[in-house]
Amino acid sequence: MDYNEIISQLPYKKPFLFVDELLSVDENGAKGTFRFDESLDFYRGHFEGNPVTPGVILTETMAQIGVVCLGIFLMNDTLKKENAIALTSTEIEFLKPVFPEEKVTVISEKIYFRFGKLKCKVSMQNESGALVANGTIAGIIKMQNE
């Protein structure tokens, strides 16, 4: 499965798609990027005059790249559009702000994948390579016939 095919199978569309490019994905983890366009609607009201990307959006970006893209790869051809993908837990530490027009790189490392649940260590770096956030994220894929 190629990287663009994985992105096309994500259950998100703009403006809630936070994956620009997958750089790598294998059975152990994923790496990808996203640039936070200054026109994204949440910047209008989050710290007016000095917009900062909300932590919940950074978490969502790490989940989409680091967990959901990896989960799609691991499920290969068994994942169907009707299957439900849900976040089950997060523990994220935010270390630096992310401003409009910043490009981030997300790297995940699989902790485990069993019984449809995927748990990963995730980290986010800015363009200069500084650590922006890190922690763990888990999600579950519920097959339609379960």
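Residues numbered from 1 in each chain as written. Predicted model: local features only at pLDDT ≥ 70, side-chain atom pairs only at ≥ 80, totals over all residues. Heavy atoms only, no water.

A. Local environment of the confidence of the model for the protein chain. Scored by pLDDT, the protein chain has a mean of 91; 92% of the residues are at 70 or more. Within the protein chain, strand E3 (residues 84-94) has the poorest average pLDDT of any element, 89, and strand E2 (residues 29-35) the best, 98. (pLDDT = per-residue confidence, 0-100. Helix = DSSP H or I, 4+ residues; strand = E, 2+ residues; numbered from the N terminus.)

B. Fine view of the pairing of E2. Of all seven residues in E2, five are buried; the element is thus mostly enclosed. Where strand E1 (residues 21-26) folds back onto E2 in an antiparallel hairpin, the turn is made up of two residues. Note: E2 against strand E4 (residues 103-114), seven bridges, orientation antiparallel. Counted as the bridge partner of Gly 29 is Glu 109 from E4. (Buried < 20%, exposed > 50% of the residue type's maximum accessible area, 1.4 Å probe, protein only. Pairing = 2+ DSSP bridges.)

C. The arrangement of the pattern of salt bridges in detail. Overall, the coordinates contain three salt bridges when judged by the stated rule. The shortest N-O distance in the salt bridge between Arg 35 and Glu 127 comes to 3.5 Å. Here the residue Arg 35 occupies a position in strand E2, and Glu 127 occupies one in the loop between strand E5 (117-125) and strand E6 (131-142), the gap between them amounting to 92 residues. Looking at Arg 35, the relative accessible area reads 33%, which means it is partly exposed. The partner of Glu 109 in a salt bridge is Lys 121, with the nearest N and O atoms 3.9 Å apart. With a gap of twelve residues between them, Glu 109 in strand E4 and Lys 121 in strand E5 connect regions that are remote in the sequence. (Salt bridge = Lys/Arg side-chain N within 4 Å of Asp/Glu carboxyl O.)

D. Spotlight on the nonpolar core. Grouped together as the largest cluster of nonpolar side chains are 36 residues, with contacts concentrated most on Leu 10, Phe 36, Met 62 and Met 124. Elements that contribute at least two residues to this core include exactly helix H1 (3-8), E1, E2, helix H2 (55-75), E4, E5 and E6. For this core, the leading source of residues is H2, giving ten residues. Ignoring any residue separated from it by four or fewer positions in sequence, one finds Met 62 in contact with Val 67, Ile 92, Val 106, Val 122, Ser 123, Met 124, Ala 133 and Ile 137. (Core = buried A, V, L, I, M, F, W, Y, C linked by side-chain atoms within 4.5 Å. Contact = heavy atoms within 4.5 Å.)

E. Region of interest: the packing of aromatic side chains. Scanning the entire structure with this criterion turns up six aromatic pairs. With a centroid separation of 4.9 Å and an interplanar angle of 80°, the aromatic rings of Phe 34 and Phe 36 are classed as edge-to-face. Each of the two residues, Phe 34 as well as Phe 36, counts as buried. Taken together, the aromatic side chains of Tyr 12, Phe 16, Phe 18, Phe 34 and Phe 36 make up a single cluster linked through ring pairs. Stacked on the ring of Tyr 112, the Lys or Arg Arg 114 has its end atom at 4.0 Å from the ring centre. (Phe/Tyr/Trp six-rings, centres within 6.5 Å; stacked < 30°, edge-to-face > 60°. Lys NZ or Arg CZ within 6 Å of the ring centre and 35° of its normal.)

F. How the structure looks around the pairing of E4. Two elements, E4 and E5, share nine bridges in a ladder whose sense is antiparallel. Residue pairing for E5: Thr 105 is matched across the bridge by Gln 125. Between E4 and E5, which pair antiparallel and follow one another directly, the connecting turn spans two residues, one of which, Phe 115, has a positive phi of 50°.

G. Highlighting the side chain of Thr 53. If you trace the backbone, Thr 53 turns up in the loop between E2 and H2. Note on Thr 53: relative accessible area 4%, which makes it buried. Polar side-chain contacts of Thr 53 include one of 2.5 Å to the side chain of Tyr 43. Excluding residues that lie within four positions of it along the chain, Thr 53 makes contacts with Phe 36, Phe 42, Tyr 43, His 46, Leu 58, Val 98 and Phe 99. (Polar contact = N/O pair within 3.5 Å; in protein donor to acceptor, adjacent residues only side chain to side chain.)

H. Quick look at the environment of Pro 54. With respect to the helices and strands, the residue Pro 54 is situated in the loop between E2 and H2. For Pro 54, a relative accessible area of 11% puts it in the buried group. Along the primary structure Pro 54 and Gly 129 are separated by 75 residues, whereas in three dimensions their C-alpha atoms are 20 Å apart. Those residues in contact with Pro 54 that sit more than four places away from it in its chain are Phe 42 and His 46.

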